[in-house]
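# Results of the structural survey
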Amino acid sequence: NKLIGEISIAAFRLNRLIDNLLNVQRLESGMMKIKPDWCDINELIGSPLNRLKDELASHRVTVTIQEDFPIVKLDFGLIEQALFNILHNETLYTDPETDIFINAWYEQGMMTISVSDFGKGFTQEELDRLFSKFYRSSVKTTGGTGLGLSIVKGFVEAHNGTVKVENNLPHGAKFSLMIPTEALVLTDLLDFTDF
């Protein structure tokens with residue numbers, strides 16, 4: 001039934017708006033407490049991709065993860081939501097059939113996840129203001145609130161990390177999340193002295 005479908009979409013959008021407003025309040029009040037635990041990078045990236053599978057169905061998504069990527073310690077819920085917000089923006093601001101590339105690597109105590117595309121990219125004004133609360137790009141009218149990327153910034157900074165956006169050349173955009181974190185290599189869990 002078409003009406004049920006429209007109600008479901010509206011309810012989902014309302015729920016996302018409420019979540020975003022609550023997250024902004026938590027960030028601004030200083031009540032944001034991260035709960036780090038050991039996380040698998042495949043699940044961290046796979047979860048938001050699965051949540052957005054319908055919206056991303058017309059895009060071509062390529063995921064590349066460093067072969068020996070360790071288990072990392074962070075707040076899974078916050079960083080998963082940060083990735084969700086970036087990928088959700090990809091569905092809003094890039095055309096169907098756009099290539100999206102997600103890359104993840106770990107080096108010297110720093111986890112980096114980048115999300116890049118070959119879409120239209122951003123103007124200098126947009127680059128300067130993208131992470132500002134309530135700012136919305138003029139590229140496309142989406143009906144969004146302009147909270148998604150400010151929440152990304154807050155969640156990453158709560159981990160003492162940084163997030164940046166830049167334009168790809170000749171066109172497109174690239175978001176990078178850089179988070180310092182402990183790492184656990186799987187071979188460290190094995191004690192061969194018992195054999």
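This is a predicted model, so every value here is computed, not measured.

Of the regular secondary structure elements, the chain holds five helices and eight strands. Sequence-ordered secondary structure for the chain, helices as α and strands as β, is α-β-α-β-β-α-β-β-α-α-β-β-β. Residue burial in the chain is summarised as follows: out of 195 residues, 40% are buried.

Considering all chains together, one arrives at three aromatic pairs under this definition. With 5.6 Å between their ring centres and 70° between their planes, Phe-101 and Phe-118 make a pair best called edge-to-face. You can see Phe-101 sitting in strand 4 (residues 99-107) and its partner Phe-118 sitting in the loop between strand 5 (110-117) and helix 4 (124-129), a full 17 residues away along the chain. Judged by centre distance (6.2 Å) and plane angle (85°), the ring pair of Phe-122 and Phe-175 falls under edge-to-face. Separated by 53 residues along the polypeptide, Phe-122 in the loop between strand 5 and helix 4 and Phe-175 in strand 7 (residues 173-180) bring together distant segments of the chain. As far as the burial class goes, Phe-122 and Phe-175 line up, both buried. Directly above the ring of Phe-84 sits Arg-51, whose terminal nitrogen or CZ lies 3.9 Å from the centroid.

So, about the sheet that holds strand 4. Strand order in this open sheet of five strands is 2-4-5-7-6, and the pairing throughout is mixed. Of all the strands in the sheet, just strand 2 (60-65) and strand 6 (162-167) have a single pairing partner and so form its edges. Each strand axis lies, on average, 15° off the axis of its neighbour in the sheet, ignoring direction. Of the pairings in the sheet, the one linking strand 2 to strand 4 comprises six bridges and is parallel in character. Counterpart to Thr-62 in the pairing with strand 4 is Phe-101.

One open sheet holds the three strands; their spatial order is 1-3-8, and the pairing between them is antiparallel. Pairing within the sheet leaves two strands with one partner each, and these edge strands are strand 1 (37-39) and strand 8 (183-184). Where strand 3 (residues 71-74) and strand 8 come together, two bridges link them in antiparallel fashion. Along strand 8, the bridge assignment pairs Val-72 with Ala-183.

Note: strand 1 against strand 3, three bridges, orientation antiparallel. Note on strand 3: the bridge partner recorded for Trp-38 is Lys-73.

On to the nonpolar core. By size, the foremost hydrophobic cluster in this structure holds 35 residues, and its most contacted members are Ile-41, Leu-44, Met-111 and Ile-113. Those elements that place two or more of their residues in this core are helix 2 (41-51), strand 3, helix 3 (76-93), strand 4, strand 5, helix 5 (148-157), strand 6 and strand 7. Take this core: its biggest share by element is six residues, from helix 3. Look past the residues within four positions of Ile-113 in its chain and what remains in contact with it is Ile-41, Leu-44, Leu-83, Ile-102, Asn-103, Ala-104, Phe-175, Ser-176 and Leu-177.

Procedures and definitions
Residues numbered from 1 in each chain as written. Predicted model: local features only at pLDDT ≥ 70, side-chain atom pairs only at ≥ 80, totals over all residues. Heavy atoms only, no water. Helix = DSSP H or I, 4+ residues; strand = E, 2+ residues; numbered from the N terminus. Buried < 20%, exposed > 50% of the residue type's maximum accessible area, 1.4 Å probe, protein only. Phe/Tyr/Trp six-rings, centres within 6.5 Å; stacked < 30°, edge-to-face > 60°. Lys NZ or Arg CZ within 6 Å of the ring centre and 35° of its normal. Pairing = 2+ DSSP bridges. Axes fitted to C-alpha atoms, helices over the stretch in contact; angles between N-to-C directions. Core = buried A, V, L, I, M, F, W, Y, C linked by side-chain atoms within 4.5 Å. Contact = heavy atoms within 4.5 Å.

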